[in-house]
Amino acid sequence: MPDRGIASVLISEQEIRTLVKNLGLEITRHYRQTGGDLLVVGLLKGSFIFMADLIRNIEYPLTVDFLAVSSYCDSTISSGEVKMRMDLQTPLQGRHVLVVEDIVDTGQTFQKVIGLLKSRNPVSVKTCTLLSKPSRREVAVAIDFCGREIPDEFVCGYGLDYAEKFRNLPYVGVLEASST
Ligand code: 5GP
């Protein structure tokens, strides 16, 4: 695989902090109204940094769990087929579930995951994503809490990778175009 770098910063550390803070406020407001047990489910690996920051901005009692799925056949093109790599350890019955994703692209992953979680009879399932690329959508998915819509660019950083690299960047950047 050819080496590719980051072409430009799309969302700075400061902007990420503001987006996450605002999402935390919205989510807090929502669950204070509904009440009940809240389980926040992070989709690995991409959401792990966002998830860690987000839950510290939610002022409502919660528990966390993680689900690992993968859909990419090479590093930037989705295969469209979503495979379960690691399941939850928490039963969903009697709980409100908030699914946390790093980025919604075609919508295939979110659609499959939401269907799976709903089949386990939680009280409710809501969705939260830091980023969304609406121009790439193939299936309609309801996003209840969205940080920011972005154009059709492949982005890395703040948990998002290219071939497992760049997850540790504190900002979200656009991947350099392939030279081949
Ligand atoms: P979808 O199923 O919506 O097409 O894809 C969702 C998953 O694809 C995300 O969780 C993420 O792992 C990956 N993905 C989609 N767009 C990007 C992107 O621009 N950058 C990175 N690093 N991953 C992406």
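A quick note: this is a predicted structure, and the numbers were derived from the prediction, not measured. (Residues numbered from 1 in each chain as written. Predicted model: local features only at pLDDT ≥ 70, side-chain atom pairs only at ≥ 80, totals over all residues. Heavy atoms only, no water.)

With that settled, consider the nonpolar core. One finds Ile27, Phe50, Leu54, Leu98, Val100, Cys128 and Leu131 to be the most contacted residues of the largest nonpolar core, which totals 27 residues. Contributing elements (two or more residues each) for this core: α1 (13-34), β2 (37-44), α2 (48-55), β5 (95-104), β6 (124-132) and β9 (172-175). When near neighbours in sequence (up to four residues on either side) are disregarded, Val100 contacts Val40, Val41, Gly42, Leu43, Ser47, Phe50, Met51, Leu54 and Cys128. Among the nonpolar cores identified, the runner-up in size contains 16 residues, and Leu43, Val69, Val99 and Phe110 belong to it. (Core = buried A, V, L, I, M, F, W, Y, C linked by side-chain atoms within 4.5 Å. Buried < 20%, exposed > 50% of the residue type's maximum accessible area, 1.4 Å probe, protein only. Helix = DSSP H or I, 4+ residues; strand = E, 2+ residues; numbered from the N terminus. Contact = heavy atoms within 4.5 Å.)

If you trace the backbone, Ile16 turns up in helix α1. Taking relative accessible area as the criterion, Ile16 reaches 3% and is therefore assigned buried. Residues Ile16 and Asp87 lie 71 residues apart in sequence; the distance between their C-alpha atoms is 28 Å. Here Ile16 is in contact with Ile11, Tyr158, Pro170, Tyr171 and Val172, once residues within four sequence places are set aside.

Next up on the list: the packing of α1 against α2. One can describe the packing of α1 onto α2 by two numbers: an axis separation of 9 Å at closest approach and a directional angle of 55°. In terms of their interaxial angle, α1 and α2 are classed as oblique. As α1 packs across α2, the resulting crossing turns out to be right-handed. For the pair α1 and α2, the contacting residues are Val20, Leu23, Gly24 and Ile27 in the first and Phe50, Asp53 and Leu54 in the second. A per-class count over the contact of α1 with α2 returns 5 nonpolar, 1 polar and 1 charged. (Axes fitted to C-alpha atoms, helices over the stretch in contact; angles between N-to-C directions. Parallel < 35°, antiparallel > 145°, perpendicular 65-115°, else oblique. Left-handed = near helix turned anticlockwise from the far one by under 90°. Nonpolar A, V, L, I, M, F, W, Y, C, P; charged D, E, K, R; others polar.)

Moving on to the pattern of salt bridges. Close approach of charged atoms allows side chains of opposite charge to pair. Tallied over the full model, the rule gives 12 salt bridges. Between Lys133 and Asp105 there is a salt bridge whose closest N-O contact spans 3.8 Å. Of this pair, Lys133 sits in the loop between β6 and β7 (145-149) while Asp105 sits in the loop between β5 and α3 (108-118), and the two are 28 residues apart along the sequence. Accessibility classification places Lys133 together with Asp105 in one group, the buried group. (Salt bridge = Lys/Arg side-chain N within 4 Å of Asp/Glu carboxyl O.)

On to the packing of aromatic side chains, then. Here the structure, examined in full by the defined rule, presents 2 aromatic pairs. For the pair Tyr31 and Tyr60, a centre-to-centre distance of 6.2 Å together with 40° between the ring planes defines the contact as tilted. With Tyr31 in helix α1 and Tyr60 in the loop between α2 and β3 (63-72), this pair connects stretches of sequence that are 29 residues apart. Judged by its relative accessible area of 15%, Tyr60 is buried. (Phe/Tyr/Trp six-rings, centres within 6.5 Å; stacked < 30°, edge-to-face > 60°.)

Limitation: the analysis is restricted to geometry and does not speak to function.
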